[in-house]
Amino acid sequence: MDTHKERRVPQERTEAIVLKAIDFSESSSIVTFFTPDRGRLTCMAKGVKRPKSQLAGLLDTFNRVELLYLWKESRAVQQMTDGTLLERYAGIKENLDKSIYGAFLIEMMYRIAHENEPSHDLFGEYVDGMAGLDVWTGEVCMHVCWQAYRLLTVSGFSPTLRECCQCGKETSKDVAFSYDGGVTCPACAADVRIDQGTYQTLLAIGDGTECPRLKGGEKVFQLLRYFTSRQLECDFRSARVIEQMVNA
Ligand SMILES: [Zn+2]
């Protein structure tokens, strides 16, 4: 390798979330991070899979790390040079529900974050939400709905809740839901009817600066999951895993 040339590439340091790591070779991985300054950032992590690597375990999904990498505008995959663990979210990883539902939030971030786009508010919201989920003792699904709603709001995708997303009329009874925009009045086209209990839960999630201590989040999760799919034009593999678990 031309080390002289590498030396001229500036090294950057950032906080980062590990979204995804895929094997590249016997010893290296390609890792996608979410960062405040550069949004979604993909790095080659050389030697990370060697048994004695000091970076082993650092690049597990969910981890919040301090990342050092060489930045070069012209390349799609940057070069990771070092990293340290800041938070591994043991409370999420050691709880089956939290890790399965949490995977949805990770996948959501992968879709929402753009490459090389400052995302400080989104990063802060994501980290606060995960810290909350780590220690949450209530219904896991409810907390994940609350986090998902906040991430949608910060990134400009939040569904309308108090007026019809189609005609703008104020709605409170016989509401339905359209994955194109949010709740709808009885006169407008919708994807799915929602019962009053689900609607009230949705309002509590939308209004709350803290996650409401309610139960029955599965129906709201379905609404938000399909709404997010429609808005971001993608399917969520993690959501299909959740459905299999809930229906099992
Ligand atoms: Zn309407």
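This one's a predicted model, so the numbers in the text were calculated from it and none came from an experiment. Position labels on residues start from 1 in each chain and follow its written sequence. In keeping with the predicted nature of the model, local features appear solely for residues at pLDDT of at least 70, side-chain atom pairs appear and are counted solely at 80 or more, and the whole-chain, interface and lining totals rest on all residues. Side-chain measures here rest on the full set of heavy atoms in the structure, leaving out hydrogens and waters.

**Student:** Summarise the coordination of the zinc ion; cite the residues concerned and give the values.
**Tutor:** Protein-derived coordination of the zinc ion comes from Cys164 (SG), Cys167 (SG), Cys185 (SG) and Cys188 (SG), at a distance range of 2.3 Å. In this listing, donors mean N, O and S atoms no farther than 2.8 Å from the metal, or 3.2 Å for Na, K and Ca; water is missing from the atoms, so a site can look incomplete. Tetrahedral means four donors with every angle between 85 and 135 degrees, whereas square planar (four donors) and octahedral (six donors) require angles over 155 degrees between opposite donors and between 65 and 115 for all others; sites fitting neither are termed irregular. One way to put it: the 4 donor atoms around the zinc ion meet at angles of 105 to 115°, and that makes the site tetrahedral. Of note, the zinc ion draws all its donor residues from one chain, in the sequence arrangement C-x2-C-x17-C-x2-C. The pair formed by Cys185 and Cys188 is uniform in burial state, with each residue classed as buried. Relative accessibility decides the category of a residue: with a 1.4 Å probe and only protein chains considered, values under 20% of the type maximum give buried, values over 50% give exposed, and everything between is partly exposed.

**Student:** Which residues make up the sheet that holds strand β3 (residues 39-45), and what are the values?
**Tutor:** For two strands to pair, DSSP has to find at least two bridges joining them. Note on conventions: DSSP H or I runs of at least 4 residues are helices, E runs of at least 2 residues are strands, and numbering of each starts at the N terminus. If you walk around this closed barrel you meet the 5 strands as β1-β2-β3-β5-β4, and the pairing is mixed. The mean angle between the axes of side-by-side strands here comes to 50°, regardless of whether they run parallel or antiparallel. Relative to strand β2 (residues 29-35), strand β1 (residues 11-23) is paired through 6 bridges, and the arrangement is antiparallel. Among the inter-strand pairings, Ile17 is bridged to a residue of β2, identified as Phe34. Helix axes are fitted only over the stretch in contact, all axes being lines through C-alpha atoms; the angle between N-to-C directions runs from 0 to 180 degrees.

**Student:** Lay out the domain arrangement of the protein chain in plain terms, naming residues and giving numbers.
**Tutor:** Domain limits in this description derive from either an automatic procedure or a database domain assignment. The domain boundaries assigned to the protein chain delineate domain 1 (3-88) and domain 2 (91-247). Averaged C-alpha coordinates put domain 1 and domain 2 at centres separated by 29 Å. Every contact between the two is made by 23 residues of domain 1 and, on the other side, 23 residues of domain 2. Throughout, the accessible surface (probe 1.4 Å) given up by two parts as they are put together, summed over both, is called the buried area. Here domain 1 meets domain 2 over a buried area of about 2000 Å², counting both sides, of which 62% is carbon and sulfur. When residues of domain 1 are sorted by the area they lose upon contact with domain 2, Phe34, Arg40 and Phe62 head the list and together hold 39% of the total. Here Glu115 makes a salt bridge to Arg40, at a shortest N to O gap of 3.8 Å. What qualifies as a polar contact is a pair of N or O atoms within 3.5 Å, subject to a donor-acceptor requirement within protein and to the restriction that residues adjacent in sequence count only when both atoms come from side chains. Seen at the junction of domain 1 and domain 2, the total is 9 residue pairs in polar contact (both at pLDDT 80 or more). Secondary structure elements with two or more residues in the side of domain 1 that touches domain 2: β1, β2 and β3. Considered class by class, the residues forming the side of domain 1 that touches domain 2 number 8 nonpolar, 5 polar and 10 charged. By the convention used here, residues are in contact when the closest approach between their heavy atoms is within 4.5 Å. Note on definitions: salt bridges are taken to be side-chain nitrogens of Lys or Arg within 4 Å of carboxyl oxygens of Asp or Glu. In this classification, the charged set is Asp, Glu, Lys and Arg, the nonpolar set is Ala, Val, Leu, Ile, Met, Phe, Trp, Tyr, Cys and Pro, and all remaining amino acids, among them Gly, are polar.

**Student:** Got a sec to walk through the side chain of Arg64? Specific residues and values, please.
**Tutor:** Take Arg64: it is sitting in strand β4 (residues 64-70). Within the structure, Arg64 has its side chain in polar contact with the side chain of Glu15 (distance 3.0 Å). Setting aside anything within four residues of it in sequence, one finds Arg64 in contact with Glu15, Ala16, Ile17, Leu85, Leu86, Glu87, Tyr89 and Val127.

**Student:** Now, about the packing of helix α3 (residues 96-112) against helix α7 (residues 217-232): what can you tell me, with residues and values included?
**Tutor:** Here α3 crosses α7 at 20°, and the two axes come no closer than 11 Å. Between α3 and α7, the angle falls in the class roughly parallel. Viewed along their axes, α3 and α7 form a crossing whose handedness is left-handed. In this structure, α3 contributes Tyr101, Phe104, Met108, Arg111 and Ile112 to the contact, and α7 contributes Glu218, Phe221, Arg225, Thr228 and Leu232. Grouping the constituent residues of the contact of α3 with α7 by class yields 6 nonpolar, 1 polar and 3 charged. Angles are sorted into four bins: roughly parallel if under 35 degrees, roughly antiparallel if over 145, roughly perpendicular if 65 to 115, and oblique for all others. If you view the pair so one helix is near and one far, a crossing is left-handed when the near helix is turned anticlockwise from the far one by less than a right angle, and right-handed when it is turned clockwise.

**Student:** Report on helix α6 (residues 196-207), specifying residues and quantitative values.
**Tutor:** Helix length check: α6, at 12 residues, gives a terminal C-alpha distance of 16 Å against a target of 16 Å (1.5 Å per residue), a fit within 8%. Structurally, α6 contributes buried residues whose contacts are with α5 (140-154), β6 (176-178), β7 (182-184) and α7. For α6, the N-terminal cap is Asp195; the gap from its side-chain oxygen to the backbone nitrogen of Gly197 is 3.1 Å. Expected helix span is computed as 1.5 Å times (number of residues minus one).

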